[in-house]
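Structure at a glance
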Amino acid sequence: MSDSTQGVVVALVTDPQDKFACFDAAVSQAGLLQALNLRCEQTSASAAKLAIFIKPDLNFYFKPATCITDPALVEHLVDWLHAAGYTNVTIGTAQNSSAFWLENRDPLILADLAGYRFETTQQNAYDFSDLSEDLCDAEFPATSILSGSSLNASWKNADFRISFAKAKTDDEFSFAGTAQNLIGVLPLQDTELQYYHRLRPEDVCNELLQHTPVHFAMVDAYLANHGSAGSRCAMPLAVSTIIASSSVTLADWTLANKFGVDPYASLIVAKLLREQGLPSQYSVSGDLSPFPAVKNVHPMVADAVAKRNGSLEVQRTAIAWLQSVDRLLFPFKDAMTDRINSTLAAQFGSLDADPLSFAAFLSLNYTLGNANQLNDASKVMFAKDKLKWMERPLNISLQDLTAADYEASQEYMEPLEQLVLQFPPDANGMRLHTIDHSILFHVSREIPIPFDDFVAKVDITRSIRMMNDYIGGSCVPVLRDEAGRVTHQAERNIYLPQPNYTAPSGGQPIDVSKLEFARYTENEQKIWWRTIKSENNSARFDDGIVIFKRTPANEVEITIVGRQEFSLPVFWQMMQLDLNPALKNYLVADAYKNFFTKTIANFTAQFEQREYRVGQPWTAADTQPKTASAKLSNSLSELTDSARVAVDRLTSKLSLRTTPTPPIYVDADGFSHFAPPSNTPDPTTSAIPSWVDKAQLQSVTDGAVDFLKDLARAIQRDVAPSRTQNPES
C-alpha cells in the first residue's frame, strides 16, 4: 500500500503463476484506490459517478497480439474498479493513419478483433469510445502548441484517466511506455503528419498531459515485446511483471530501467523528464534490474530509423512496407503495397538474428536518411518555399519570471550597442566586431516611408519573426502598456541553418528562446531581446535590438544591432576559420550583408502587405495521403504521359505522326477524294536522313509508348481497392 511519507510509489510486481494476482498486487502497492478516493474528494463526485477513462495500447497488426495491452488485464481492471464501487468506466482509443493502407482499422473493430467483449467475465459492462469522434473544444490555452485542437468529450471530461501501456521496444524511440501511449488519444487520423511532422510527439504528449492529466499509469509487462524491430513484428518476452504508479514519468522511467536503456533515449520521455521531472518524493517497490534476456533496439537501428523518418513520405512508406501484418485480419487496400510488404516485412523482421538483414536494414535506412538530409539541404539553399513551417511550443516556464527578467535584456544590450558604434562601418555600411568568439554587428537603413504609416503596419514586437529565413516557433505576450501594445514577451524562433550553405554539411536550424522588452515613444520604437535557451544547442548568442526611428524627413530609419554565435557543423569547425582571418571576415561580412538586406526587404514587404516568409504552412492537401504504391503508380502514369508528349513532339518534328489530310470532297456514295501529292518537299521532313525507315521508326516509338501505357494501366488496375477486396472481379 502506498505510504504518503514515501511520496509517489512505483510498484513492480512479478508473478509467473497468475497475471491477475500480479495485477492486483501492483495496483494495491501503487495506491490506485487511494488515488481514486482522492479524486472523489477533489471533484465532489461519488465513487459510482466518478468518470474513469482507460486508454490501453490497441495498435496491433497480428496475432498473438504481443504489442498491445492484454485485453484480459484491461477488463480485469474494469472488474477491479467495479469491485471498489467505481462503475462509470470508459475504454477507448483514436483512429490512426494505418487505415489509409489497411482494412479493419476502426477502433471498435480493432477492439473486437483484439478480444474486448464490452462486458467482463464478471458481467460488468463498460463503454468503448472512438477518440476520433464526439469531439469538443479541448480548451487548450493560447500558449499551447495544441491551442484550437479538439479532444473526445469522454477523455476531456473524465475525472480520472488511466494510461495502460504495453512494455515494448520501439525502433525509433527505443521503448514505448505510458506517455507514448497517449498519442492514441489525439483525434486526427493522419498521425504521422499531425503529431510527428507538423508537431512533434514529445511536444503533444507533454501538452496533453499538462491539460488533461493522467492520474494513474500502468504498464503490461506480463508478456513484453522486445528486439530491434520494435513493434513491427512479434518477439514476445515472458517477464510476468506489472508496473503501476500515479506518475507517468515515474512509470516510464521505471520501464526504461527494466529494458536496461537510458530513459532519455525516448524523446517523448526525455521531454517529460526535463519539463516535469520525477516526483519530488518517490519510492520504488520492486526490482529495478533489467528484464532477463531482454533485447533492446540497437542504437544504430534507432538512429537510422529516426533519420529515415525525417521525411513524412518516407516514414509513411516505411511503416506500410515494413510492418508485419496478419492479412486475414487486416487486408491491404492495394495489391502493390501488399506484395512489397510481403517481401520486405519478412526480410527485415529478424534483425537481431540475421546479420545480413541487420546490415541491409541499416544501409537502407541510412541511405534514405541521407537522402532526406540532402533533400532538405537542397530546399534550404534553392527552394525555400517548398519547406514546411515548424510549429513548436514555447519552452520557457513563464510563471518563474518577473518583468525585470524581460527588461534586463535592455541593460545587457545597450552597452554592446555603444561598443559596436565605436567601430567604423565597412563598405556595406555594417559595423562588425568579434567579442568572445561571437559577432557583434550594427546595420542601419533609411526607408522612404512616412514614420507613422510604417509603425502603423509594422509591429516592432514582430521584428524577429520578420527576419530572413524565419521558419517557425511561437510567441507569448506577457505584458502590455495602456495603449494595448505589447511591452514584455517571450519568444521561440526557428531559422534555417545560417549561413544556408552549412546545411549540406549538417548545419542545424537555429532554435532559440528569448525574453524581449519593447518601448514606444513618439519618434522611436525599440525592442531588446536576449537568448536564454537553445533547444538544440544551435546558438550560444542570438541577442539583439531593432529600432524604428523617425528621421528629420519624417521617414523611418531601421537599425538592427545584434550579437550572434551559432554552432557550426563539424566540417566547418575543422576548417578553423579563426586561423584564416581574411577568409573568415569575408564570409562573415558576406553572410551578414545578405541576411540583413533580405531582412530589411521583409520589413518593407510587411508594410506593403506582401508575402515574404519562407516556407509554407501545412495545408488540407497534406492531410490526404496516398499509399506509397499508389504514388508509384501515379508517378509511372505521369512518366508515360510525359513520354507520350515527348514522342509526339519527336514524331511531329520528323513528320512521322502527321495530321490526316482532309478530303477535297465526299461524293454521294460516301467516298472521300483527295488532291494528288505535291512534288515539293515538305520543309518539316527535310531533316530526316534518307536512310531512316520512317515506318519502322514509327512502329518502334508507338510500341514503346504502348508498353509504358499498358504498364501504367496494369499497375493502376493492381492498386485499385476493388481488386484486393474482390479478386474474382
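For clarity, every value in this text was computed on a predicted model and none was experimentally measured. (Residues numbered from 1 in each chain as written. Predicted model: local features only at pLDDT ≥ 70, side-chain atom pairs only at ≥ 80, totals over all residues. Heavy atoms only, no water.)

1. Notes on the layout of surface pockets
Considered as a void within the structure, the second largest pocket measures approximately 1,100 Å³ in volume. Along the wall of the second largest pocket there are 45 residues; nearest its centre are Gln498, Pro499, Phe566, Leu568 and Val588. Listed by contribution, the elements that provide at least two residues to the lining of the second largest pocket are strand E14 (438-450), strand E19 (539-550), strand E20 (555-566), helix H16 (570-575) and helix H17 (581-607). It is H17 that provides the largest number of residues to the lining of the second largest pocket, a total of ten residues. Grouping the amino acids of the lining of the second largest pocket by side-chain chemistry returns 21 nonpolar, 13 polar and eleven charged. (1 Å grid on protein atoms, 1.4 Å probe; cavity = no way out; pocket = protein on both sides within 12 Å on 5 of 7 lines; lining within 4 Å. Points joined across faces, edges and corners; volume = space filled by probe spheres on them. Helix = DSSP H or I, 4+ residues; strand = E, 2+ residues; numbered from the N terminus. Nonpolar A, V, L, I, M, F, W, Y, C, P; charged D, E, K, R; others polar.)

2. A short note on the side chain of Ser474
As for its position among the elements, Ser474 is in strand E15 (residues 470-480). Overall, the relative accessible area of 17% leaves Ser474 in the buried class. Sequence-distant contacts of Ser474, defined by excluding residues within four places in its chain, comprise Arg392, Pro393, Leu394, Ala490, Glu491 and Arg492. (Buried < 20%, exposed > 50% of the residue type's maximum accessible area, 1.4 Å probe, protein only. Contact = heavy atoms within 4.5 Å.)

3. Quick look at the nonpolar core
Of all hydrophobic cores here, the largest spans 51 residues; its most connected members are Ile52, Ile54, Leu77, Phe160, Phe216 and Met218. Excluding anything up to four places from it in sequence, Phe160 contacts Leu32, Ala35, Leu36, Arg39, Leu50, Ala51, Ile52, Phe53, His215 and Phe216. If you look at the next biggest cluster of nonpolar residues, it comprises 37 residues, including Ile449, Tyr495, Phe548 and Ile600. (Core = buried A, V, L, I, M, F, W, Y, C linked by side-chain atoms within 4.5 Å.)

4. Points about the packing of aromatic side chains
Counted under the stated rule, the structure contains 21 aromatic pairs. Ring centres of Phe23 and Phe164 lie 6.2 Å apart, and the angle between their planes is 35°; this geometry places the pair in the tilted category. Here the residue Phe23 occupies a position in helix H1 (residues 19-30), and Phe164 occupies one in strand E7 (residues 160-170), the gap between them amounting to 141 residues. Overall, Phe164 belongs to the buried group, its relative accessible area being 0%. These aromatic residues form a ring-pair network of at least three members: Tyr116, Phe118, Tyr126 and Phe128. When the ring centre of Phe607 is taken as origin, the NZ or CZ atom of Lys457, which lies over that ring, is 4.9 Å away. (Phe/Tyr/Trp six-rings, centres within 6.5 Å; stacked < 30°, edge-to-face > 60°. Lys NZ or Arg CZ within 6 Å of the ring centre and 35° of its normal.)

5. Details of the environment of Ile600
Looking at the element boundaries, Ile600 is found in helix H17. Sequence spacing of Ile600 and Thr559 is 41 residues, and the spatial spacing of their C-alpha atoms is 9.4 Å. Every residue in contact with Ile600, bar those within four places of it in the chain, is listed here: Arg445, Ile447, Ile558 and Ile560.

6. A few points about the pattern of salt bridges
Opposite charge on two side chains permits them to pair, given that their charged atoms come into close proximity. In total, this model carries 25 salt bridges according to the counting rule given. With its nearest N and O atoms 3.0 Å apart, the salt bridge here joins Lys166 to Asp220. You can see Lys166 sitting in strand E7 and its partner Asp220 sitting in strand E9 (residues 216-225), a full 54 residues away along the chain. With respect to class, Lys166 is no different from Asp220; both count as buried. Across the salt bridge formed by Asp481 and Arg485, the nearest N and O atoms sit 3.0 Å from each other. When salt bridges with common partners are traced through the structure, they connect Asp190, Glu313 and Arg316 into a single cluster. (Salt bridge = Lys/Arg side-chain N within 4 Å of Asp/Glu carboxyl O.)

7. Observations regarding helix H13 (residues 355-382)
Note: α-helices contain 3.6 residues per turn, so residues at a spacing of three or four share the same orientation. For H13, which comprises 28 residues, the first-to-last C-alpha distance of 40 Å matches the rise-based estimate of 40 Å (1.5 Å per residue) to within 8%. Taken together, the buried positions of H13 are Ser357, Phe358, Phe361, Leu362, Asn365, Gly369, Asn372, Ala377 and Val380. In this structure, the buried residues of H13 make contact with helix H10 (299-308), helix H11 (312-322) and helix H12 (335-347). Between a side-chain oxygen at the N-terminus of H13 and the backbone nitrogen of Leu356 the separation is 3.1 Å; the capping residue is Asp354. (Expected span 1.5 Å × (residues − 1). Polar contact = N/O pair within 3.5 Å; in protein donor to acceptor, adjacent residues only side chain to side chain.)

8. Notes on empty space enclosed by the protein
Under the defined criterion, the tally for this structure stands at two cavities of 30 Å³ or more. Computed from the structure, the largest cavity encloses a volume of approximately 910 Å³. Along the walls of the largest cavity sit 48 residues, with Asn59, Tyr61, Glu192, Tyr196 and Ile319 positioned nearest its centre. Of all the secondary-structure elements, those providing two or more residues to the lining of the largest cavity are E7, helix H6 (191-198), H10 and H11. Broken down by element, the residue count for the lining of the largest cavity peaks at seven residues, all from H11. Its residues assigned to classes, the lining of the largest cavity shows 19 nonpolar, 17 polar and twelve charged. Considering only enclosed or pocket space, the second largest cavity measures out at about 40 Å³ in volume. What lines the second largest cavity is Arg465, Met467, Asn468, Asp469, Tyr470, Asn602, Tyr612, Arg613 and Val614. Looking at side-chain class alone, the lining of the second largest cavity contains four nonpolar, two polar and three charged residues.

9. Side note on the environment of Ala111
By the secondary structure assignment, Ala111 is in helix H4 (residues 107-114). The buried category is assigned to Ala111, whose relative accessible area is 0%. Separated by 51 residues in sequence, Ala111 and Phe60 have C-alpha atoms that sit 9.8 Å apart.

10. Some thoughts on the packing of H10 against H13
Running from N to C, H10 and H13 cross one another at 35°; their axes reach a closest spacing of 7 Å. Crossing geometry of H10 relative to H13 is assigned as left-handed. When H10 is examined against H13, the residues Met300, Val301, Asp303, Ala304, Val305, Lys307 and Arg308 are found in contact with a partner set consisting of Phe358, Phe361, Leu362, Asn365, Tyr366, Leu368, Gly369 and Asn372. Classifying every residue of the contact of H10 with H13 by side-chain character gives nine nonpolar, three polar and three charged. (Axes fitted to C-alpha atoms, helices over the stretch in contact; angles between N-to-C directions. Left-handed = near helix turned anticlockwise from the far one by under 90°.)

11. Some thoughts on helix H3 (residues 71-83)
Helix length check: H3 (13 residues) gives 18 Å between terminal C-alpha atoms against 18 Å at 1.5 Å per residue, within 8%. Of all 13 residues that make up H3, ten are buried, and the element is covered over most of its length. By the burial criterion, the buried members of H3 are Pro71, Leu73, Val74, Glu75, His76, Leu77, Val78, Asp79, Leu81 and His82. The N-terminus of H3 is capped by Asp70, whose side-chain oxygen sits 2.9 Å from the backbone nitrogen of Ala72. Looking one or two residues past H3, Gly85 carries a phi angle of roughly 95°, positive in sign.

12. Focus on the sheet that holds strand E18 (residues 524-533)
Sheet strands associate in pairs through backbone hydrogen bonding, adopting either a parallel or an antiparallel arrangement. With respect to topology, nine strands assemble into an open sheet ordered E12-E15-E16-E17-E18-E19-E20-E14-E13, the strand pairing being mixed. Among the strands making up the open sheet, the edge pair consists of strand E12 (390-391) and strand E13 (431-435). Of the strand pairs in this sheet, E15 and strand E16 (residues 486-495) are connected by nine bridges, and their pairing is antiparallel. If you follow Val476 over to E16, its bridge partner there is Ala490. (Pairing = 2+ DSSP bridges.)

13. What to know about the confidence of the model for the protein
When pLDDT is averaged across the protein, the result is 87; 84% of the residues are at 70 or more. Within the model, pLDDT remains below 50 along residues 681-689, and this stretch shows seven contacts once partners closer than five positions in the same chain are excluded. (pLDDT = per-residue confidence, 0-100.)

14. Quick look at the packing of H1 against H3
Helix-helix packing: each pair is described by the crossing angle between the helix axes and the interaxial distance. In the contact formed by H1 and H3, the axes pass within 11 Å of each other and the chain directions differ by 55°. Between H1 and H3, the angle is such that the two are oblique. Remark: the crossing between H1 and H3 carries right-handed chirality. Contacts between H1 and H3 involve Lys19, Phe20, Phe23, Asp24 and Val27 from the former and Ala72, Leu73, His76, Leu77 and Trp80 from the latter. Partitioning the contact of H1 with H3 into residue classes produces seven nonpolar, one polar and two charged. (Parallel < 35°, antiparallel > 145°, perpendicular 65-115°, else oblique.)

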